[in-house]
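These are the residues of each chain, in order.
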Amino acid sequence: MTVHSLYIFDRRGKTLFTKNYSAAARQAPTNVDDEEEYLAEKRKLIFGMLFSLRELTGSLGPEGQLPAVYSVRTGAATLHNYETRSGLRFAMYTNNDIQQTTGKGDGKFTSVREALQHIYSEIWVEFVVRSPLYRPGELAASSQSQKGIGKFDIRSTNFEQKLDAYLSSMPWFDSK
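Residues numbered from 1 in each chain as written. Predicted model: local features only at pLDDT ≥ 70, side-chain atom pairs only at ≥ 80, totals over all residues. Heavy atoms only, no water.

(A) Main features of helix α5 (residues 159–169). Those residues of α5 not exposed but buried are Phe159, Leu163, Tyr166 and Leu167. One side of α5 carries all its buried residues, which in axial view fall inside an arc of 95°. Buried positions along α5 lie against β1 (3–9), β2 (15–20), β5 (89–94) and α4 (112–129). (Buried < 20%, exposed > 50% of the residue type's maximum accessible area, 1.4 Å probe, protein only. Helix = DSSP H or I, 4+ residues; strand = E, 2+ residues; numbered from the N terminus. Arc of directions from axis to C-beta. Contact = heavy atoms within 4.5 Å.)

In structure tokens, the structure reads:
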């Protein structure tokens, strides 16, 4: 399965981290003038879609249950989602290789949802939240790290290296 990109959003939709893995995810269409603006718009659309679908499932679902959107599959790709209780959203954009994305947690391989949960609990918490430099609410957005003077930059931790090592160890990971 080709992993195109990984996004981490806070509860208000601010992009905390973005990593593009495939060449298709790294390049903007040729008719786009400002690539950074295009990527920012893409992140907003992804968060907006996840937010809207969560609200829709909440209004259609049974009373008393928390609404959840685990994945959204289109004709071209799948967007996997993991939302924490604190409102962080981890979204992984992949191709539609359905055989590899439906892991049952039976030990054969880790599903994408389980991988997103592991990224949050074992990598994000360990290398970002537990960093002595981290202050809640003072994260510099990944695209604004140079401008975010005085804000905590995720790139100052080992988060990205551990994330890449973990994803590379997954049998379904491919970054063609």
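(B) Summary view of helix α2 (residues 35–60). Compared with an ideal rise of 1.5 Å per residue, which puts 26 residues at 38 Å, α2 spans 37 Å between its outermost C-alpha atoms and is within 8% of the ideal. Leu39, Lys42, Arg43, Ile46, Phe47 and Leu50 are the residues of α2 that are buried. (Expected span 1.5 Å × (residues − 1).)

(C) Structural context of the sheet that holds β2. Strand order in the open sheet formed by five strands is β2-β1-β5-β4-β3, with antiparallel pairing between adjacent strands. Whereas interior strands pair on both sides, the edge strands pair on one side only; in this sheet they are β2 and β3 (71–73). Each strand of the sheet is rotated relative to its neighbour by a mean of 10°, with strand direction disregarded. Summarising the sheet, β3 and strand β4 (residues 78–83) pair through three bridges and their orientation is antiparallel. Paired with Arg73 across the strands is Thr78, a residue of β4. α2 rests against β1, β2, β3, β4 and β5 of the sheet, and its axis sits at about 70° to β1. Where α4 meets the sheet, its contacts fall on β1, β2, β4 and β5, and the angle it forms with β4 comes to roughly 40°. (Pairing = 2+ DSSP bridges. Axes fitted to C-alpha atoms, helices over the stretch in contact; angles between N-to-C directions.)

(D) Region of the structure containing the pairing of β2. Within β2, six of the six residues are buried, leaving the element largely enclosed by the surrounding structure. As defined by bridge partners, β1 adjoins β2 across five bridges and the pair is classed as antiparallel. Pairing of Ile8 across the sheet is with Phe17, part of β2. Taken together, β1 and the strand that follows it, β2, pair antiparallel across an intervening segment of five residues, in which Gly13 is found at a positive phi of about 100°.

(E) Broad picture of the pattern of salt bridges. On inspection of all chains with the given rule, the structure shows six salt bridges. A salt bridge links Glu83 to Arg54; the shortest N-O distance between them is 3.0 Å. Here Glu83 is found in strand β4, whereas its partner Arg54 is found in helix α2, with 29 residues between them in sequence. (Salt bridge = Lys/Arg side-chain N within 4 Å of Asp/Glu carboxyl O.)

(F) The arrangement of the packing of aromatic side chains in detail. Overall, the coordinates contain nine aromatic pairs when judged by the stated rule. With a centroid separation of 5.1 Å and 90° between ring planes, the pair formed by Phe17 and Phe159 is classed as edge-to-face. Here Phe17, found in strand β2, pairs with Phe159, found in helix α5; they are 142 residues apart in sequence, far enough to count as distant. Looking at Phe17, the relative accessible area reads 4%, which means it is buried. Assessed through its relative accessible area of 0%, Phe159 is described here as buried. (Phe/Tyr/Trp six-rings, centres within 6.5 Å; stacked < 30°, edge-to-face > 60°.)

(G) Inspection of the nonpolar core at higher detail. If you look at the biggest cluster of nonpolar residues, it comprises 27 residues, and the most contacted ones within it are Met92, Ile119, Trp124, Phe159, Leu167 and Trp172. Sorting the residues of this core by element identifies β1, β2, β5, α4 and α5 as the ones contributing at least two each. No other element matches α4, which puts seven residues into this core. Residues Tyr7, Phe47, Leu79 and Ala91 belong to the second largest nonpolar core, which totals seven residues. (Core = buried A, V, L, I, M, F, W, Y, C linked by side-chain atoms within 4.5 Å.)

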